Amino acid sequence: NEQKIWADSALELLENTPLRESYLIGLWNNALTTPVLKQIEKNFDVTRDEFNVIFTLKAKGPLLASEICHLNSRPKNSISRAVTRLYKRNALVKTQIESDKRKEQLSLTEHGVELYNLCTPFFLERQKELMSPLDYEERRQLEFLMKKTL
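Rules of the game
Residues numbered from 1 in each chain as written. Predicted model: local features only at pLDDT ≥ 70, side-chain atom pairs only at ≥ 80, totals over all residues. Heavy atoms only, no water. Core = buried A, V, L, I, M, F, W, Y, C linked by side-chain atoms within 4.5 Å. Buried < 20%, exposed > 50% of the residue type's maximum accessible area, 1.4 Å probe, protein only. Contact = heavy atoms within 4.5 Å. Pairing = 2+ DSSP bridges. Helix = DSSP H or I, 4+ residues; strand = E, 2+ residues; numbered from the N terminus. Axes fitted to C-alpha atoms, helices over the stretch in contact; angles between N-to-C directions. Parallel < 35°, antiparallel > 145°, perpendicular 65-115°, else oblique. Nonpolar A, V, L, I, M, F, W, Y, C, P; charged D, E, K, R; others polar.

**Section: the nonpolar core**
One finds Ile 40, Val 46, Val 53, Ile 54, Leu 57, Ile 68 and Leu 92 to be the most contacted residues of the largest nonpolar core, which totals 24 residues. With residues near it in sequence (within four places) discarded, Leu 92 still touches Val 53, Leu 57, Val 83, Leu 86, Tyr 87, Leu 106, Ser 107, Leu 108 and Thr 109.

Listed below in structure tokens is the structure:
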């Protein structure tokens, strides 16, 4: 199996680096997101940063673009492009902040929620695949440890 050969080769790298944890976390993130992001971009024309914006607004409600940048650890220019594109696609609305006319609060439209609902199953399926070797308790332990490091 080509995937297994790739995984074994990648894991061998862990034995020869002081960046063991960082590299492993990066590998896991790439294994989760890369195939899903390719699918949602192909199927729904939604990029990584666009999904980050949609996901964050769905989870947290209305936010400023700067807050989305912070919550996703993404650069301002990347989120700005995503916001512009989503706005043009009628996936979000911008509401000017009365106390500071330079700022706009972003909210999902019905179409934005629809995009979220279309994309999320792809992430859930891939997450299920990657987490399948772990039992419930191991999954909670992994979640606890990951949260602890943030």
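Past the structure itself, the notes keep going.
**Digging into the pairing of strand β3 (residues 100-108)**
Sheet analysis places strand β1 (residues 63-64) next to β3, joined by two bridges and oriented antiparallel. Within β3, the residue paired with Leu 63 across the bridge is Leu 106. Of the pairings in the sheet, the one linking strand β2 (residues 92-97) to β3 comprises six bridges and is antiparallel in character. Along β3, the bridge assignment pairs Thr 95 with Gln 105. In this structure, the hairpin formed by β2 and β3 is closed by a connection of two residues.

**Some remarks on the packing of helix α3 (residues 48-60) against helix α5 (residues 76-88)**
Contact geometry of α3 with α5 gives a least axis separation of 8 Å together with a crossing angle of 75°. The pairing of α3 with α5 is recorded here as roughly perpendicular in orientation. Taking contact as the criterion, the partners of Asp 49, Glu 50, Val 53 and Ile 54 in α3 are, on α5, Ser 78, Ile 79, Ala 82, Val 83, Arg 85 and Leu 86. Class assignment of the residues belonging to the contact of α3 with α5 gives a composition of six nonpolar, one polar and three charged.

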